[in-house]
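# Report on the structure
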Amino acid sequence: MAKAIGVDIGGTGIKAGVVDLEHGTLESDRIRIPTPKGAKPADVLETVKQVLSTLGVQDSRLPLGVAFPAIVKHGRTLSAANIAKDWIDFEAERFFEDGLGRQITFVNDADAAGVAESRHGAARDARGLTILATLGTGIGSAFLYNGVLVPNTELGHLDFRGESIEKWAAYSAMERDQLDWAEWSARLQDFFSHVEFLFSPDLFVVGGGVSKHPEKFLPLLDLKTPIVAAVHRNSSGIIGAASLAAD
Ligand code: BGC
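This is a predicted model, so every value here is computed, not measured. (Residues numbered from 1 in each chain as written. Predicted model: local features only at pLDDT ≥ 70, side-chain atom pairs only at ≥ 80, totals over all residues. Heavy atoms only, no water.)

Attention now goes to the overall build of the chain. When its secondary structure is counted, the chain shows eight helices and 15 strands. Computed over its C-alpha atoms, the radius of gyration of the chain comes to 17 Å, within 12% of the 18 Å expected for a compact globule of 247 residues. In terms of its C-alpha atoms, the chain occupies a principal-axis envelope of roughly 50 × 35 × 30 Å. Each of the 247 residues in the chain was classed as buried or not, and the buried ones make up 53%. Across the chain, every contact between residues at least 6 apart in sequence was considered, and the portion connecting residues at least 24 apart equals 59%. Where the 24 positive side-chain charges of the chain centre and where its 32 negative ones centre are 2 Å apart. (Helix = DSSP H or I, 4+ residues; strand = E, 2+ residues; numbered from the N terminus. Rg over C-alpha atoms; globule rule 2.2 N^0.38 Å. Buried < 20%, exposed > 50% of the residue type's maximum accessible area, 1.4 Å probe, protein only. Contact = heavy atoms within 4.5 Å. Lys, Arg positive; Asp, Glu negative; His and termini not counted. Charge placed at Lys NZ, Arg CZ, Asp CG, Glu CD.)

All right, on to empty space enclosed by the protein then. Following the criterion strictly, the structure yields one cavity of 30 Å³ or more and no others. Approximately 40 Å³ is the volume found for the largest cavity. In this structure, the largest cavity is lined by Ile 9, Gly 10, Gly 11, Thr 35, Ala 39, Val 44, Phe 68, Pro 69, Ile 83 and Trp 87. Grouping the amino acids of the lining of the largest cavity by side-chain chemistry returns seven nonpolar, three polar and no charged. (1 Å grid on protein atoms, 1.4 Å probe; cavity = no way out; pocket = protein on both sides within 12 Å on 5 of 7 lines; lining within 4 Å. Points joined across faces, edges and corners; volume = space filled by probe spheres on them. Nonpolar A, V, L, I, M, F, W, Y, C, P; charged D, E, K, R; others polar.)

To continue, consider a nonpolar patch on the surface. Among the surface-exposed residues, Phe 197, Leu 198 and Phe 199 lie close enough to one another that they form a single nonpolar patch of about 330 Å² accessible area. Of note, Leu 198 is situated in helix H6 (residues 181-199). The exposure class of Leu 198 is partly exposed, given its relative accessible area of 41%. (Patch = residues over 30% accessible without salt bridge, like charges linked within 9 Å, V, L, I, M, F, W, Y side chains within 5 Å. Areas by Shrake-Rupley, 256 points an atom, 1.4 Å probe, with all protein chains shown as cover. Salt bridge = Lys/Arg side-chain N within 4 Å of Asp/Glu carboxyl O.)

With that settled, consider the pattern of salt bridges. It is possible for side chains of opposite charge to pair when their charged atoms get near one another. Taken as a whole and judged by the stated rule, the model has 11 salt bridges. For Arg 76, the salt bridge is made with Glu 91, and the minimal N-O distance between the two is 2.5 Å. Taken as a pair, Arg 76 in strand S7 (residues 76-77) and Glu 91 in the loop between S7 and helix H2 (92-100) lie far apart in primary sequence, 15 residues in all. The exposure class assigned to Arg 76 is partly exposed, which follows from its relative accessible area of 26%. What makes Glu 91 partly exposed here is its relative accessible area of 30%. A salt bridge links Asp 177 to Arg 176; the nearest nitrogen and oxygen atoms lie 3.0 Å apart. The structure contains a network of salt bridges with shared partners spanning Arg 76, Asp 89 and Glu 91.

Shown next as structure tokens:
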């Protein structure tokens, strides 16, 4: 069976697992260690090492993919919205390869989630343009056209009243501004209506932890495009990173 390792670096936790690439399922336990405070590169590397040693996979021939919440172009991180500024213009892939002593593939977290949903989840066999949006601390996005990823779309940074729209509409805004589901959904409506007008997608997929409760907010949205919850939720970053590493 084809296998690969996926690591998903998030604002609060660093997660990893071994992925069965044919079925897009976790083949191991899902390991999670809290993200070190400040999330500086050297500390994140140490935690990734711990996660991998807890996972206990020694075979360095298995492809290893790492998903990260920033623009990632040719292995270089170019932005830092909810993480330490040290990651801006940083050779992240090379840094992790040197630190781990093996080859890796470094990708954006929402792109990884999009690939997982396209190959093994809610957008499987979807034709035309699928847009996945992850709603968490920020908003991440992935564009898949007939299953092919167009990376680094960063829709969470569309401008809304002079700020990134993720500040207004991410799931974190619900807690911060003490919104109920209807109030938060009205903000999501601003986001999805604008994206729908700009790109005329064929399918929206919503990921992130909140996709566990789709019944609370998806029915409140008024869109022409079908909108569904992601299937893999907490594991989509792991599954997608592993899949991309094996390509
Ligand atoms: C970052 C994206 C990331 C998203 C979700 C945004 O703030 O700019 O790169 O995909 O958060 O983590």
